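Each chain is listed here by its residues.
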Amino acid sequence: MNSKDLILGRVRAALADGPETTDIPRSYRREFPPADLDVLIDRLVDYKAVVHRGADVATIVAGIIGAGTLVVPPGLPESWLPPEAALTGVESADGVLTGAAVAIAETGTIVLDASPDQGPRILTLLPDLHICVLRPEQVVASVPEAVARLDPARPLTWISGPSATSDIELNRVEGVHGPRHLHVILWEAA
């Protein structure tokens, strides 16, 4: 018998004399208010992300990346790339440009699900800059609404601002577990 079996056996024995378990209620929120883009922007800025709004994604991206290099997922719309964009592999890229699956206004969280316009998680971990394009219809008000839209079988990455952690003295350190800089483009397509 291994440790896992031993522990689970003890838990089962302790629960054997207890009351019968009942069904767990699953009456979560099912109706959602409209998402407020201003709330999302406020939360993103609070997390030290830079927010851009506009219809010309390629021009905004060019202004952010400058002469730097980008890595992009294979399904990224070509119209989002500046014509002069220098593309490279993830190991030498200055930044990454992706789409998103959903964004949550009340928490300022962006969720990636490895769709073709987002690519594998490694793309958003190595470069120091992440540029993420959001369409207004991808923004939801709350976490339950986001979860209802997401496919739990897909690999999900939840991003709340640039990568940051704190040391034992609570000094904030950015860029340890991912990009130090996050730019979010709210794409207001014409």
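To be clear, the structure that these remarks concern was listed above.
What you see is a predicted model; the values in this text were computed from it and never measured. (Residues numbered from 1 in each chain as written. Predicted model: local features only at pLDDT ≥ 70, side-chain atom pairs only at ≥ 80, totals over all residues. Heavy atoms only, no water.)

Draft legend 1. Examining the overall build of the chain more closely. Each helix and strand in the chain was counted, giving four helices and 12 strands. Expected size for 190 residues packed as a compact globule is a radius of gyration near 16 Å; at 21 Å, the chain overshoots this value by more than 25%. With 190 residues in all, the chain has 37% of them scored as buried. Sequence separation of 24 or more characterises 68% of the internal contacts of the chain that already satisfy a separation of 6 or more. Considering the chain, the positive charge centre built from 15 side chains and the negative charge centre built from 25 side chains are found 7 Å apart. (Helix = DSSP H or I, 4+ residues; strand = E, 2+ residues; numbered from the N terminus. Rg over C-alpha atoms; globule rule 2.2 N^0.38 Å. Buried < 20%, exposed > 50% of the residue type's maximum accessible area, 1.4 Å probe, protein only. Contact = heavy atoms within 4.5 Å. Lys, Arg positive; Asp, Glu negative; His and termini not counted. Charge placed at Lys NZ, Arg CZ, Asp CG, Glu CD.)

Draft legend 2. Representation of the sheet that holds strand S1 (residues 50-54) in the model. If you walk across this open sheet you meet the six strands as S1-S12-S7-S4-S2-S3, and the pairing is parallel. Lying at the two open borders of the sheet, with one neighbouring strand each, are S1 and strand S3 (86-87). Contacts from helix H2 (residues 37-46) reach S1, strand S7 (129-134) and strand S12 (181-187), with the element oriented near 145 degrees to S1. Contacts from helix H3 (residues 57-65) reach S1, strand S2 (69-71), strand S4 (95-98), S7 and S12 within the one sheet, and its direction differs from that of S12 by about 165 degrees. (Pairing = 2+ DSSP bridges. Axes fitted to C-alpha atoms, helices over the stretch in contact; angles between N-to-C directions.)

Draft legend 3. Main features of the sheet that holds strand S5 (residues 102-104). Strand order in the open sheet formed by four strands is S8-S5-S6-S9, and the pairing between neighbours is mixed. The open sheet terminates on both sides in strands that have one partner only, identified here as strand S8 (139-140) and strand S9 (157-159). Summarising the sheet, strand S6 (residues 109-112) and S9 pair through three bridges and their orientation is antiparallel. Among the inter-strand pairings, Leu112 is bridged to a residue of S9, identified as Thr157.

Draft legend 4. Region of the structure containing the environment of Pro116. Take Pro116: it is sitting in the loop between S6 and S7. Considering only alpha carbons, one finds Pro116 and Pro77, 39 residues apart in sequence, at a separation of 9.6 Å. Apart from the residues within four sequence positions on either side, Pro116 is in contact with Pro73, Pro74, Gly75 and Leu76.

Draft legend 5. Quick peek at the pairing of S4. Side chains of S4 alternate between two faces, with Gly95 and Leu97 and Val96 and Thr98 buried alike. Pairing geometry for S4 and S7, over four bridges, is parallel. Opposite Leu97, over in S7, you have Ile131 as the bridge partner.

Draft legend 6. Just helix H1 (residues 3-15), in detail. For H1, which comprises 13 residues, the first-to-last C-alpha distance of 19 Å matches the rise-based estimate of 18 Å (1.5 Å per residue) to within 8%. Little of H1 is tucked away, with zero of its 13 residues classed as buried. The residue sitting at the N-terminus of H1 and contributing the capping side-chain oxygen is Asn2; that oxygen lies 3.1 Å from the backbone nitrogen of Lys4. (Expected span 1.5 Å × (residues − 1). Polar contact = N/O pair within 3.5 Å; in protein donor to acceptor, adjacent residues only side chain to side chain.)

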